[in-house]
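# Observations on chain architecture
These are the residues of each chain, in order.
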Amino acid sequence: MRRRIWAAVLFCIAALLLPAIAAGAFSAGENPESEGALGWVGELPDAEPASVPTVKADWDIETFRILNSATGEVETIPVRDYVRGAVAAELPVSFHPEAMKAQAVASHTWALYNARLHRETPDPELDGADFAADPDNFKGYAREEDFFARYGEDAAAAWEKVTAAADNVLDQVLTYEGEPILAVYHSCSAGTTEAAENVWQASVPYLVPVDSPSDRDAPAAEGTAEFTEEEMRTALTAAFDGLILGENPALWLSPISYTDSGYVLDIKVGNQTVTGKEVRAALDLRSACFSVEYDPESGVFTVRTVGYGHGVGLSQYGAEAMAEDGFTYDEILSHYYTGAVLASLS
């Protein structure tokens, strides 16, 4: 009975989140260091896989159907190739193997969740695919041949590191009440990860705020974007129908409330009240944790952001910091996905 009740809850969550899932909103895809410098040198340390319960799952999948957003073609990819490619695309190759393992499990679980959802409830925009990605531009996952072309003479050692980490946990996924979780991830938070309901209007028990203080030291933890009055007016009026900004630019953007994690929840934009998430999209900001300053002399808006991405679930740079501090991939995943349990597909 408990399993059936939770399945119904998952269906309701999926119904609320379906538009964002179809649009690829839950893939990280925002990591500015995914093309990072090749900083790893040496042998991959030996590591025994964590002991996890084996489940007899009726949702074991051998291939994923991926809509290539660059070409519009649906490509069928073996699970192993996808998981390896996801780690290769989403993380700098300098990252610790334990952080790579955590990313591999998260990417595998995220893909499995989407495959189950869209095979049961197809989305016309996906054209029969499980989810969308852009391997041509290293977004979502990368092909082996493209990886070697990018890293040149250093590619063989880097690929060995990436694939060893991914293969080590290939049979493992994260579950909650026996079901694969929506294992979303992002580059770095504002110091505390965000609650799912503050981003997608649906509460998810394993996607709740957790401390991730090292995120503030990530390479892209802080960002600045500048807009002229005309640029700001154009961006905002294009995003919000019926918007009236008024004559005083200093009053165009006024945050009203913040989430417990420090992200802008509601903000007054001219004559409308919208969400911080919507302003982030309108201005193409790194994060919804932002502040706005207006200089009347220059007529320039300065928007300062903290964090990179939606802030929900696994922080990639937080995972790296934990790995460097000696935490294992299962401990990292347990920290960022509250109450989720590792399970084996074997």
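Residues numbered from 1 in each chain as written. Predicted model: local features only at pLDDT ≥ 70, side-chain atom pairs only at ≥ 80, totals over all residues. Heavy atoms only, no water.

The subject of this paragraph is the pattern of salt bridges. Pairing between side chains of opposite charge can happen when their charged atoms approach one another. Inspection of the entire model under this criterion finds 10 salt bridges. With its nearest N and O atoms 2.8 Å apart, the salt bridge here joins Asp130 to Arg119. Here Asp130 is found in the loop between α3 (97-120) and β3 (131-133), whereas its partner Arg119 is found in helix α3, with 11 residues between them in sequence. For Asp130, a relative accessible area of 0% puts it in the buried group. Owing to a relative accessible area of 34%, Arg119 belongs among the partly exposed residues under this scheme. Where Arg143 meets Asp136, a salt bridge forms, and the shortest distance between an N and an O atom there is 2.8 Å. With a relative accessible area of 21%, Arg143 lands in the partly exposed category. Given a relative accessible area of 39%, Asp136 falls into the partly exposed group. What emerges from the salt-bridge pattern is a single network uniting Glu75, Asp136, Arg143 and Asp146. (Salt bridge = Lys/Arg side-chain N within 4 Å of Asp/Glu carboxyl O. Helix = DSSP H or I, 4+ residues; strand = E, 2+ residues; numbered from the N terminus. Buried < 20%, exposed > 50% of the residue type's maximum accessible area, 1.4 Å probe, protein only.)

For the rest of this paragraph, the subject is unusual backbone geometry. Positive phi, close to 55°, is recorded for Glu177, a residue that is not glycine. Checked against the element boundaries, Glu177 lands in the loop between β4 (172-176) and β5 (179-180). For Gln201, which is not glycine, the phi dihedral falls at a positive 60°. Position of Gln201 among the secondary structure elements: in the loop between α6 (197-200) and β7 (222-228).

Under the relative-accessibility criterion, Glu177 is labelled partly exposed at 27%. It is 8.5 Å that separates the C-alpha atoms of Glu177 and Val341, two residues lying 164 residues apart in sequence.

Counting residues in hydrophobic clusters, the biggest one holds 73 residues, and the most contacted among them are Phe64, Tyr82, Phe147 and Tyr337. In terms of residues, this core owes the most to one element, α3, which gives 12 residues. Counting residues in each nonpolar core, the second largest holds 19 residues, with Met232, Phe240, Val274 and Leu285 among its members. (Core = buried A, V, L, I, M, F, W, Y, C linked by side-chain atoms within 4.5 Å.)

Turning our eyes to something else, we now look at the packing of helix α2 (residues 79-90) against helix α5 (residues 155-168). The contact between α2 and α5 brings their axes to 9 Å, and the two run at 125°. Between α2 and α5, the angle is such that the two are oblique. Here α2 and α5 pass one another in a crossing that is right-handed. On the side of α2, the interface is formed by Arg80, Val83, Arg84, Val87 and Ala88, while α5 contributes Trp159, Val162, Thr163, Ala166 and Asp167. Taken together, the residues of the contact of α2 with α5 break down into six nonpolar, one polar and three charged. (Axes fitted to C-alpha atoms, helices over the stretch in contact; angles between N-to-C directions. Parallel < 35°, antiparallel > 145°, perpendicular 65-115°, else oblique. Left-handed = near helix turned anticlockwise from the far one by under 90°. Contact = heavy atoms within 4.5 Å. Nonpolar A, V, L, I, M, F, W, Y, C, P; charged D, E, K, R; others polar.)

By themselves, these figures tell us nothing about what the structure is for.
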